[in-house]
Amino acid sequence: MSVIAKDIQAHWRVVQPLFSIRNENEYDKATATLNALIDEVGTDEQHPLYELLDTLGTVVHAYEEQHYPILECSGIEVLEFLMEEHQLEPPDLPALGPPDIVVEILKGERDLTVTHIHALAKTFQVSPAVFV
């Protein structure tokens, strides 16, 4: 075995478990490592561990897509979910209009406008895309 292979092999044993997530235990370890890397590296693309952060993020994302698929839902369903999570009622969303207008939106009798979508995104601190 070459010197390079021996050197790589010693390091590979340490990082290899991060690159093949086969079960929930390995997923938990990978996400804990990913979170620690995010805390350490942040968005600094010049950080020596940035490539590891990026690669591990890709591996975790692939596992999540396979094991935790996000179901497609409408903007109204997202709004209903967020309202429930934040314990909000139609009167609590004045940016959408009076409560009767909000009820019409929730029933699908009225569409969300671009203005509504941007207001909701700001209110719930999410991407406007979730309401489209």
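Please refer to the structure higher up on the page.
Let me begin by describing the structure that accompanies this report. Since we're looking at a predicted model, the values are computed, not measured. (Residues numbered from 1 in each chain as written. Predicted model: local features only at pLDDT ≥ 70, side-chain atom pairs only at ≥ 80, totals over all residues. Heavy atoms only, no water.)

### Structural notes on the packing of aromatic side chains
Then step 1. Inspection of every chain in the model, using the stated rule, returns three aromatic pairs.
Then step 2. Taking 5.1 Å as the distance between ring centres and 20° as the angle between the ring planes, the aromatic pair formed by Y27 and Y63 counts as stacked. Here Y27 is found in helix α2 (residues 24–41), whereas its partner Y63 is found in helix α3 (residues 50–67), with 36 residues between them in sequence.
Then step 3. We classify Y63 as buried; its relative accessible area is 6%.
Then step 4. Summarising the aromatic geometry, the rings of Y27 and Y68 are spaced 5.6 Å apart at their centres and angled 45° between planes, so their arrangement reads as tilted. Of the two residues, Y27 sits in helix α2 while Y68 sits in the loop between α3 and α4 (75–85), which places them 41 residues apart along the sequence.
Then step 5. For Y68, a relative accessible area of 38% puts it in the partly exposed group.
Then step 6. Taken together, the ring pairs in this structure connect Y27, Y63 and Y68 into an aromatic cluster. (Phe/Tyr/Trp six-rings, centres within 6.5 Å; stacked < 30°, edge-to-face > 60°. Helix = DSSP H or I, 4+ residues; strand = E, 2+ residues; numbered from the N terminus. Buried < 20%, exposed > 50% of the residue type's maximum accessible area, 1.4 Å probe, protein only.)

### Some details on helix α6 (residues 114–124)
Then step 1. Among the residues making up α6, those that are buried are H116, I117, A119, L120, A121 and F124.
Then step 2. Of the surrounding elements, those touching the buried residues of α6 are α4 and α5 (99–106). (Contact = heavy atoms within 4.5 Å.)

### Considerations on a nonpolar patch on the surface
Then step 1. Together, I4, I8 and W12 line one region of the surface with nonpolar side chains, adding up to about 350 Å² of accessible area.
Then step 2. Secondary-structure assignment places I4 in helix α1 (residues 3–15). (Patch = residues over 30% accessible without salt bridge, like charges linked within 9 Å, V, L, I, M, F, W, Y side chains within 5 Å. Areas by Shrake-Rupley, 256 points an atom, 1.4 Å probe, with all protein chains shown as cover. Salt bridge = Lys/Arg side-chain N within 4 Å of Asp/Glu carboxyl O.)

### Side note on unusual backbone geometry
Then step 1. For Q87, which is not glycine, the phi torsion reads 55° and is therefore positive.
Then step 2. Inspection of the secondary structure puts Q87 in the loop between α4 and α5.
Then step 3. On the basis of relative accessibility, which here comes to 70%, the residue Q87 falls in the exposed class.
Then step 4. A positive phi is found at Q125, a non-glycine position, where the angle reads about 55°.
Then step 5. Looking at the secondary structure, you find Q125 in the segment after α6.

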